[in-house]
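Notes for the structure review
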Amino acid sequence: MQKKMGEAVARVARRVNDTVENQGDSLDLAECKLMTFPVGIYKAMRSVAGGIHRITLANNELKALAGRFVTTFSQLRELNLEGNYLHRLPEEVRSLLHLRAINLSRNRFRHFPEPLAAVGTLETVELEENEIAGHAAVARAQWRRSGPCPWGGSRCRALPLRTGAFSTAKPASNACDRSLGVI
C-alpha cells in the first residue's frame, strides 16, 4: 500500500513539475488518487498559476474543492472534475471570469451548482450521472446567449433534452442570471 501511495505522490509531483518547467497552460492530475487538492501544489505552481487555463482532476476521490483552488487558478477556461465525490462547489467559482466549460459528470450533485449561474462566460456544464432535478442521467447543460433572461443581465436560451423532451431547470436562487437548458 505504501508503495502505491508513493507512486501516486511521484506521479503528481512529475505532472506538476512538467507544467511548471514547461510553463504550460494546463495541469493534468487525472487518476492520481487525490482525496484533496494538495496544498503544496499552490506554492509549487505560484509562478505559473495565472497562466493555467485548463485543469483536469478527473477520476480521483475528491469530496470537496477549496475556495483557494479557485482563487489560485483564476484564469481557468476549462475544468474537468469528472468522476469524483463532489456534491457542491465553493462560492468562489463565481469569480472564474474566463470559465467556458466544466465537467461535473459522475459526481454526487443533487442540485445544479448555483455558483455556476453567476459565471457569465460559461458555455458548457457536463452533469452526466448526477441526480440533478430528478434526472438520473442528465447529459449536458449548455447556455446560448440569445434573449434576455427574466432575472435581467445575460441573454439565454433553453435547449432540449437529448431524449427529445424539453426541460428548463434553474437554480433555486433568483441570483441566477440565465436559465439552464438540459440537452
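Residues numbered from 1 in each chain as written. Predicted model: local features only at pLDDT ≥ 70, side-chain atom pairs only at ≥ 80, totals over all residues. Heavy atoms only, no water.

1. Examining the overall build of the protein chain
Convention followed: Numbering of helices and strands runs from the N terminus, with a helix taken as a DSSP run of H or I at least four residues long and a strand as a DSSP run of E at least two residues long. Only protein chains enter the area calculation, which uses a 1.4 Å probe; residues under 20% of their type maximum are buried, those over 50% are exposed, and those in between are partly exposed. By the convention used here, residues are in contact when the closest approach between their heavy atoms is within 4.5 Å.
Along the protein chain, the regular secondary structure elements total three helices and 10 strands. Sorting the 183 residues of the protein chain into buried and exposed places 44% on the buried side. Pairs at least 24 residues apart make up 41% of the contacts formed inside the protein chain by residues separated by at least 6 positions.

2. Structural notes on the layout of surface pockets
Short version of the rule: Lining residues are defined by having an atom within 4 Å of a point belonging to a cavity or pocket. Those points lie on a 1 Å grid over the protein atoms alone, cavities being sets where a 1.4 Å probe fits but cannot get out and pockets being open sets with protein on both sides within 12 Å along at least five of seven lines. Grid points are joined across faces, edges and corners, and a volume is the space filled by probe spheres set on the points. Think of it as three bins: nonpolar holds Ala, Val, Leu, Ile, Met, Phe, Trp, Tyr, Cys and Pro, charged holds Asp, Glu, Lys and Arg, and polar takes everything else, Gly as well.
Space inside the largest pocket adds up to approximately 330 Å³. Around the largest pocket, the lining comprises 13 residues; the ones closest to its centre are Met5, Ala8, Val9, Cys32 and Lys33. For the lining of the largest pocket, the per-class residue count stands at 10 nonpolar, one polar and two charged.

3. Considerations on the packing of aromatic side chains
The relation between two aromatic rings is expressed through the spacing of the ring centres and the mutual angle of the planes. For the record, the criterion: Classification of ring pairs uses Phe, Tyr and Trp, with its six-membered ring standing for Trp, and accepts pairs whose centres are within 6.5 Å; under 30 degrees between planes counts as stacked, over 60 as edge-to-face, and the remaining range as tilted.
One pass over the full model with this rule turns up five aromatic pairs. Among the aromatic residues, those joined into a ring-pair cluster are Phe37, Tyr42, Phe69 and Phe73.

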